Amino acid sequence: MASPHTEQRTTIGGALPRYNWKMSLTILVVLGLTGWSVWGTEFDLIELLTGAAPAERFVSEMFPPDLSLATLQTTGAGILETFQMSFLGAFIGALVALPLAAIGTEAAPTVGASTGERLLRAIPYHVARFILNVFRSVPDILWALIFVVALGLGPFPGTLALAVHSAGVLGKLYSETLEAVPSRPVEALRATGADGLGAFLFGRLPQAASPFASLSLYQWECNIRSATILGFVGAGGIGQQILISMNLFDYPKVATLVGATIIVVLLVDRFSAAVRRRLVY
Amino acid sequence: MEVSLEKISVTFGKEQAIRDVSLRSEPGEMVAVIGASGAGKSTLFRALTRSVPLSSGSVEIGGRNLYELPKRELKGVRRNIGTIYQAYNLVPQLPAGVNVALGEIGGMGRMDALRTFLTGPGANLTHRVRAALEQVGLGEYAAVRTTNLSGGQQQRVAVARLLVQRPSVVLADEPFAAVDPVTTEKVLETLTSLNGAGATLLVNLHDVEIARRFPRIVALKDGRVAYDGSSEALTEEKLAEIYRGDPQGAEDKPEPSPYPDPARITEGRDGVAAH
């Protein structure tokens, strides 16, 4: 459009709308929720500023970090354990997630199938979806509490907690990926006589494989971060060391442990991102 | 195999894609199906594999009512129907050789499919895959990811898949719409040789010149059969009638207005036309 005519625009429908009632209502709701939450959480910036002195003391007591051989050894062991927990958790989670996701994927039913056949297909679908939802909606720290109570302290219940939660998250993401895959090649296989399993293995799965790898790596990243926390409820990993040192007021050791954790988390993030970038879709 | 459509209708929402179409083809026949885009050609083909629900009528393949078969027997009938599409519809991430081997998928049970998935195609199937790829001139490409092949090469992979499948009915849905003339000739040659081996061949075509090389032409217009007969008897007037109102053959259309009637935009015909 070279030269817009202002007169003509008014005939089309007047000025462009800036605000409508939906937008205004949204803003009101967000503001209302904010105010209510500030009141409910006793959110107070002034208190944060006046509390700066104790916080400063806490931070200054962390320096210099404790770099003695014993502390470094504890840190190394804790980091390794956290790493192992997170990896095994993601791996087992992926193994459990895959079949559940496959069952919990909404694939087009055979055209002209009877109501009975459709119902029969719907049952495993909903069961798989329900299991995945339970796995996912319970946070991993709660799973850790449950497993610690059942199995005692240590990295094993922590790993199980990560595995269960990872299975739930990955299962949901896997099945969404499987559903979003281009359907034409899958339909083409079905049209030449592939059954559900054949169409899944050769049609959906190959098309979803790269996203699966990417999602699993990302879940591993998340697990590294989660595994750090799980130690607070006694489920192993470096968190347990951090908690012990905190309770002993050994802040220089806390500094070393936290610093090491940050470095490892950053390294794994970088590594995982680099691998995911190289995945061929 | 004999293919027979008995008064079928297919409806998508309010849109009637196929209205009351009856069509018979004898075993080993070669039929070109033509018509403007949106005339219902692809929908007709999808009905032939029970991939779209019918609102009325019946489809018989080899004398068996396709829409009333139980699952297992449906698989058996579909196993004998080979398909090839404008958009190739191969699995892009798999090597070309595996896509060719998938011509055999209809003949695999669950255990066979699982074994093939885990350990690759068996020796016999591998041999046939190699031979098929050689025949379409892609002998070197068995291990290449399908997505790395050109469009023409992918269409030849799809043809090689047909060669492995050895179907008794071949449905080709605009197989030449996205490939170069050389590939067109090669694909047509292979399809004709499959027909020579006894397969019934139904080809959807947009290109009337290619359709004229088929002994029988069926034309669809607005979901109805507008012509069914020999290539010679299909006059230019008849053709003009068939393609009237086709947005892509816009010879007799007035210049499209830059401000289309808003009521027309919402008709949503394309959702049907594209398939």
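**Structural notes on the overall build of chain A**
Move 1: Within chain A one finds 12 helices and zero strands.
Move 2: For chain A, the sequential pattern of α-helices and β-strands runs α-α-α-α-α-α-α-α-α-α-α-α.
Move 3: For 281 residues, the compact-globule formula gives about 19 Å, and the C-alpha radius of gyration of chain A, at 26 Å, lies well above that figure.
Move 4: If one aligns the C-alpha atoms of chain A with their principal axes, the spans along those axes are about 70 × 65 × 40 Å.

**Brief notes about the interface of chain A and chain B**
Move 1: Taken together, the contact between chain A and chain B spans 21 residues of the former and 28 residues of the latter.
Move 2: Here the element with the most residues in the side of chain A that touches chain B is helix 10 (residues 196-230) of chain A; it accounts for eight residues.
Move 3: Split by residue class, the side of chain A that touches chain B holds 11 nonpolar, seven polar and three charged.

**Some thoughts on the nonpolar core**
Across soluble globular proteins, you tend to see nonpolar side chains buried next to one another.
Move 1: Ranked by size, the top nonpolar core spans 133 residues in total, and within it B:Val33 and B:Ala160 carry the most contacts.
Move 2: Ignoring anything within four residues of it in the chain, the contact list for B:Ala160 reads B:Val100, B:Ala132, B:Leu133, B:Gln135, B:Val136 and B:Leu138.

**Thoughts on helix 8 (residues 155-180) of chain A**
Move 1: Helix length check: helix 8 of chain A (26 residues) gives 37 Å between terminal C-alpha atoms against 38 Å at 1.5 Å per residue, within 8%.
Move 2: Of all 26 residues making up helix 8 of chain A, 22 are buried, and the element is well covered by its neighbours.

**Brief notes about the sheet that holds strand 1 (residues 3-12) of chain B**
Residue and element names in this part refer to chain B.
Move 1: Here four strands make up an open sheet; going across it, the order is 2-1-4-5 and the pairing antiparallel. With one partner strand each, in any of the chains shown, strand 2 (15-25) and strand 5 (64-65) form the two edges of the open sheet.
Move 2: As judged from the two bridges shared by strand 4 (residues 56-61) and strand 5, these two strands associate in the antiparallel manner. Residue pairing across strands places Ile61 opposite Arg64, the latter belonging to strand 5.

**Things to note about helix 9 (residues 184-191) of chain A**
Move 1: The buried count for helix 9 of chain A comes to six of eight residues, which makes it a mostly enclosed element.
Move 2: Within helix 9 of chain A, burial applies to A:Pro185, A:Val186, A:Ala188, A:Leu189, A:Arg190 and A:Ala191.
Move 3: Those residues of helix 9 of chain A hidden inside the fold are in contact with helix 10 of chain A together with helix 2 (71-79) and strand 6 (81-85) of chain B.
Move 4: Phi turns positive one or two residues past the end of helix 9 of chain A, at A:Gly193, with a value near 100 degrees.

**Describing the pairing of strand 7 (residues 169-173) of chain B**
Residues and elements named next belong to chain B.
Move 1: Of all five residues that make up strand 7, five are buried, and the element is covered over most of its length.
Move 2: Of the two faces of strand 7, the one lined by Val169, Leu171 and Asp173 and the one lined by Val170 and Ala172 are each fully buried.
Move 3: Relative to strand 7, strand 6 is paired through five bridges, and the arrangement is parallel. Bridge pairing in strand 7 links Thr83 to Leu171.
Move 4: Here strand 7 runs beside strand 8 (residues 200-204); their pairing, made up of five bridges, is parallel. Bridge pairing links Leu171 to Leu202 in strand 8.
Move 5: Each parallel crossover has a hand, and the one from strand 7 via helix 7 (residues 181-196) to strand 8 is right-handed.

**Digging into the sheet that holds strand 10 (residues 224-230) of chain B**
Residues and elements named next belong to chain B.
Move 1: Within the open sheet, the six strands sit side by side as 6-7-8-3-9-10. Their pairing is mixed. Unpaired on one side and paired on the other, strand 6 and strand 10 mark the two borders of the sheet. Going across the sheet, the axis of each strand differs from the next one's by a mean of 15 degrees, ignoring polarity.
Move 2: With five bridges joining them, strand 3 (residues 30-35) and strand 9 (residues 216-221) adopt parallel strand pairing. In the strand pairing of strand 9, Ile34 is matched with Ala219.
Move 3: Packing of helix 6 (residues 151-165) onto the sheet brings it into contact with strand 6 and strand 7, and relative to strand 6 it is tilted by some 175 degrees.

Definitions and cut-offs
- Counting starts from 1 at the beginning of each chain's written sequence and moves along it residue by residue.
- The lettering of chains begins at A and the numbering of ligands begins at 1, in the order of writing.
- Restriction of local features to residues with pLDDT of at least 70 applies here, the model being predicted, together with a cutoff of 80 or more for giving and counting side-chain atom pairs; totals for whole chains, interfaces and linings are based on all residues.
- The helix and strand labels rest on DSSP assignments: H or I over at least four residues marks a helix, E over at least two residues marks a strand, and numbering proceeds from the N terminus.
- In this treatment the radius of gyration is a C-alpha quantity, and the globule benchmark scales as 2.2 Å times the residue count to the 0.38 power.
- By the convention adopted here, residues are in contact when the distance between their C-beta atoms, placed from the backbone, does not exceed 7 Å.
- Residue type decides the class: Asp, Glu, Lys and Arg count as charged, Ala, Val, Leu, Ile, Met, Phe, Trp, Tyr, Cys and Pro as nonpolar, and the leftover types, Gly among them, as polar.
- By convention the nonpolar core is taken to be a set of buried residues drawn from Ala, Val, Leu, Ile, Met, Phe, Trp, Tyr and Cys and joined through C-beta atoms within 7 Å.
- Once C-beta atoms are placed from the backbone, each residue is buried if 20 or more other C-beta atoms lie within 10 Å of its own, exposed if 12 or fewer, and partly exposed for counts between those two.
- Take the number of residues in a helix, subtract one, and multiply by 1.5 Å to get its expected span.
- A pair of strands is labelled paired if DSSP reports no fewer than 2 bridges between them.
- Assignment of crossover handedness uses the view with strands pointing away from the viewer, where a clockwise path from the first strand over the helix to the second indicates a right-handed crossover.
- Each axis is a line fitted through C-alpha atoms, taken for helices only over the stretch in contact, and angles between the N-to-C directions span 0 to 180 degrees.

From the geometry alone we can't say anything about function, so treat these as descriptive.
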